[in-house]
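Okay, here's what each chain looks like letter by letter:
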Amino acid sequence: MKIAFIGLGAMGWHMASHLPKLGFEVLVWNRNFEKAEAHAQTFGTKATSVDQAVKADFIFSCLPTSADVEQLIAQNPPVKGSVWIDCTSGVPISALKLANQLKFNGVEYLDAPVSGQTIGAEKGTLTVMVGGDVDAYKRAKPIIQAFAGLIEYVGESGSGFAVKAVNNTLMATHLWALAEGLTVLKSKGVDLNSALNCINHSSGKSSMSENIMAQRVLSRAFPKTFALDLLQKDIGIATDLIQEQALNLPTMQLIQNQYKQIEKVKAQDSDFSAVVQVLEHQSKIELS
Ligand code: NDP
């Protein structure tokens, strides 16, 4: 049996590193092929061409967008009997389209986006939210297990992508709301590290207050591990879903407007935590 991993970016590089422990041959392909060769040397995987990768029994992809995955599959169709596990944070309607299209050719497609950041990918403790055919999910689960802390089947094709988009919009909301809270506290002369320590031992805490705010914002480091444009994309997927369902959910819409203020080119080069600088600019108060 062969496993392939396509897309050795910030997440895929680490996710694919756990697969050799399953005992099967692991093929890796990356657009910038040097990364695939470096991965093979570092982790004992095998750098291969994309047309060989898509002949594997289980094919993982972790690319920026659903459009990238659709294009890749159109140019390199997988073979009958295989399962395509798409760990991209993608668009639900695209998952449904790909699942139907590939099923017609005897291939199962699962949307299986991940959460846990690069550190979770490195440790192999990611949360994986899976949508699609239940039998394909049961076949894929022991393989996904290699890099997962939690694997949850969430429903029909597209459900995994929907859960991921909502999760990331909540993350964006928590970060923005926390930054607003710390802005008012700083204006009152409160020490932000002390304030954060109180919040982290109180009901207002979140993963943004426990990890991101001190490590990335107060430190002024803003290390890029998750590009802001990818988070903008996720919020857009969630707000598109809201519109599709004709719901009136104003907070998510408001958050989208706040995050959209950083233009795409700058967002591509920035960590998501850098969105706080928009607020800092508006309030003229630096969170340090
Ligand atoms: P990166 O930008 O670090 O990596 C993207 C990968 O996709 C690279 O290997 C890149 O190749 C490849 N790629 C880009 N475009 C194409 C294309 N058109 N055809 C083929 N390969 C392509 O992204 P991340 O790893 O950060 O994110 C990947 C996915 O995971 C995204 O959907 C993101 O939203 C999601 N995610 C990211 C998290 C994070 O913390 N970073 C956390 C959870 C989910 P090349 O090296 O040649 O550029």
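Predicted model, so just to flag it, every value in this text is computed and none were measured. (Residues numbered from 1 in each chain as written. Predicted model: local features only at pLDDT ≥ 70, side-chain atom pairs only at ≥ 80, totals over all residues. Heavy atoms only, no water.)

1. Thoughts on the site of the ligand
Taken together, 23 residues sit near the ligand, with A10, N30, K35, T225 and K233 positioned nearest. Contact between the ligand and N30: an oxygen atom at 2.6 Å from a side-chain N or O atom of the residue. Between S89 and the ligand, the recorded distance is 3.0 Å, taken from a backbone N or O atom to an oxygen atom. For the ligand, the protein covers 85% of the area, taking 910 Å² as the surface of the free molecule. Going through the elements one at a time, helix 6 (117-123) and helix 11 (228-244) are the ones with two or more residues in the shell around the ligand. (Near = heavy atom within 4 Å. Polar contact = N/O pair within 3.5 Å; in protein donor to acceptor, adjacent residues only side chain to side chain. Areas by Shrake-Rupley, 256 points an atom, 1.4 Å probe, with all protein chains shown as cover. Helix = DSSP H or I, 4+ residues; strand = E, 2+ residues; numbered from the N terminus.)

2. Digging into the packing of helix 9 (residues 192-199) against helix 10 (residues 207-218)
Closest axis-to-axis distance for the helix 9/helix 10 pair is 10 Å, and the angle between their directions is 165°. Here helix 10 runs roughly antiparallel to helix 9, going by the angle between their axes. Note on packing geometry: the crossing formed by helix 9 with helix 10 is left-handed. Residues L192, N193, L196 and I199 of helix 9 form the contact with helix 10, whose participating residues are S209, M213, A214 and L218. (Axes fitted to C-alpha atoms, helices over the stretch in contact; angles between N-to-C directions. Parallel < 35°, antiparallel > 145°, perpendicular 65-115°, else oblique. Left-handed = near helix turned anticlockwise from the far one by under 90°. Contact = heavy atoms within 4.5 Å.)

3. Overview of the environment of C62
Take C62: it is sitting in the loop between strand 4 (58-61) and helix 4 (66-75). Excluding anything up to four places from it in sequence, C62 contacts F5, I6, G7, M11, G12, M15, C87 and T88.

4. Let's talk about the packing of helix 11 against helix 12 (residues 250-259)
Helix 12 packs onto helix 11 with a crossing angle of 150° between their chain directions and a minimal axis gap of 10 Å. As judged from the angle between their axes, helix 11 and helix 12 are roughly antiparallel. Every pair of crossing elements has a handedness; the one defined by helix 11 and helix 12 is left-handed. Contact residues: L228, L231, Q232, I235, G236, T239, I242 and Q243 in helix 11; M252, Q253, I255, Q256 and Y259 in helix 12.

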